[in-house]
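# Topology and contacts: notes
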Amino acid sequence: MLGLLHRHRTSSIACDAGASGARLCQVRANGASRTICEALSLNVSIRNDGPAGFPTIDTARVARTVANGDFSGRELCLVLSPPLVRFTPLHMPPAVLNQSQSRIESAIKLEVSRGQREPGEDTEVRWWRLPRAVGQQPNIMAVSLPTEAAMACHTQLASVGLQLKRVDVAPCALARAARVLSASPETDVCGILDLGAKQTTLTMVVEGTPVYVRELPLTGPKWTNAIADSLHISPEMAETVKRRAGITGGSASPHEAEGELTDERLPSVLFSVLRQPLEALVQEIVDCFSYVFRSNHDMHSGRLWLAGGGAKLPGLCDYLEVTCGMSVRPLARSAVSGENAKIDTRCEFDAESAACFGAALLDAEGT
């Protein structure tokens, strides 16, 4: 009887509140299969004027969407991304890790609080052990957020009848989504490039576990502004041009940005405009992979997943695959063949909703 009760498990409603809006997702597990019960995207107003810069969401509209959608229950998992949450790799001596759980947590919390603006007792900290750590390498990854901000999120949702069950972090949620799509997560070094509207984050994953999280200064809006300045158009029009044309095709010299632009010439002109930030992005990716490979000598193959709205930029996957010398794909269900995917075919998601799916997946798996 107990086994039957655990066969069907429905997740809380994952809510990923990003700069461009909010995404909601709920997943049901039935044995080894995963089914998305409901997934919606909302163009809601999100301001970063809450405690510690945390988002203030139009919770009333979220509550109406939950009530009108095909969701079960009113428990939410809120997905947060850096820099709203902070990742800190630590090296903790074996003598510390051999103590009781409460003593380990106190020691980790003390280390995380060093150099932070918030006192340790006002910070929520979670942590996990890093695989393959040897010598003086970091053996713990800690993630923290201000307690005040977490309580403010709880209050916002409670005011409209929603219960904050837990907080998840986008790098971990994306690693979960990548793990179920990867054919060999135990042997590959995996990178997940989350190209959000205001923040770009690269998460390095070994054996399914995030081992390094790096915030990058290379963001989509900066690329859009560079295009607007070069083509003498508004940022709104530059964003439309960027999403439509992408960076496919050969490069063009900077002076070709002047005069009339045809649809055929536009991708090469955009590539020329964005060449410098693209090359900087490639260098960041290569450096992060090299760092992880140096600590994992027996792992020689790597793959890069692209998540977030920026993953949809035409030509970006092909460019990164050629320049980085590894497999590069959008972190999306449609991008993986059925025989390699470990999830049900009814569980489709795109790169922009991958973090939301990964957050819901944790509850559905009951881990």
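Worth saying up front: this structure is predicted, and the values here are computed from it rather than measured.

Cut-off values and rules
Numbers given to residues run from 1 along each chain, matching the order in which its sequence is written. Whole-chain, interface and lining totals are the exception, using all residues; otherwise, since this is a predicted model, local features are given only for residues with pLDDT of at least 70 and side-chain atom pairs are given and counted only at 80 or more. Calculated side-chain values reflect all of the structure's heavy atoms, with hydrogen atoms and water omitted. Throughout this description, buried means an accessible area under 20% of the type-specific maximum (1.4 Å probe, protein chains only), exposed means over 50%, and partly exposed covers the range between. Only runs of H or I of at least four residues qualify as helices and only runs of E of at least two qualify as strands under DSSP, and these elements are numbered from the N terminus. For two strands to be treated as a pair, DSSP must find at least two bridges joining them. Inter-axis angles, ranging from 0 to 180 degrees, are taken between N-to-C directions of lines fitted to C-alpha atoms, where helices are fitted over the stretch in contact. Pairs of residues are marked as contacts when any of their non-hydrogen atoms sit within 4.5 Å. When a carboxyl oxygen of Asp or Glu lies within 4 Å of a side-chain nitrogen of Lys or Arg, that pair is called a salt bridge.

## Regarding the pairing of strand β10 (residues 140-146)
Within β10, 7 of the 7 residues are buried, which leaves the element mostly enclosed by the surrounding structure. When strand β8 (residues 86-90) meets β10, the two strands line up antiparallel, connected through 5 bridges. For Arg86, the partnering residue across the bridge sits in β10 and is Ser144. Pairing analysis gives 7 bridges linking strand β9 (residues 123-129) to β10, with the strands arranged antiparallel. Bridge pairing links Thr123 to Pro146 in β10.

## Describing the sheet that holds strand β14 (residues 209-216)
As summarised here, the arrangement of the 5 strands in space is β14-β13-β12-β15-β16, forming an open sheet in which the pairing is mixed. Edge positions in the sheet fall to β14 and β16 (327-330), since each of these pairs with one other strand and no more. Sheet twist, expressed as the average angle between the axes of neighbouring strands with direction ignored, equals 20°. In this structure, strand β12 (residues 189-195) lies alongside strand β15 (residues 302-307), joined through 6 bridges in parallel fashion. Considered in β15, the bridge of Val189 is made with Gly302. Running at roughly 160° to β16, helix α10 (residues 316-324) makes contact with β12, β15 and β16 of the sheet.

## Comments concerning the pattern of salt bridges
One pass over the structure, following the stated rule, counts 15 salt bridges. Residue Glu321 is joined to Arg329 by a salt bridge in which the shortest nitrogen-to-oxygen separation is 2.7 Å. Overall, the relative accessible area of 27% leaves Glu321 in the partly exposed class. According to the relative accessible area criterion, Arg329 is partly exposed, its value standing at 35%. Put simply, Lys165, Arg166, Asp168, Arg176 and Asp363 are held in one network by salt bridges that share partners.

Any functional reading would require information beyond the geometric quantities listed.
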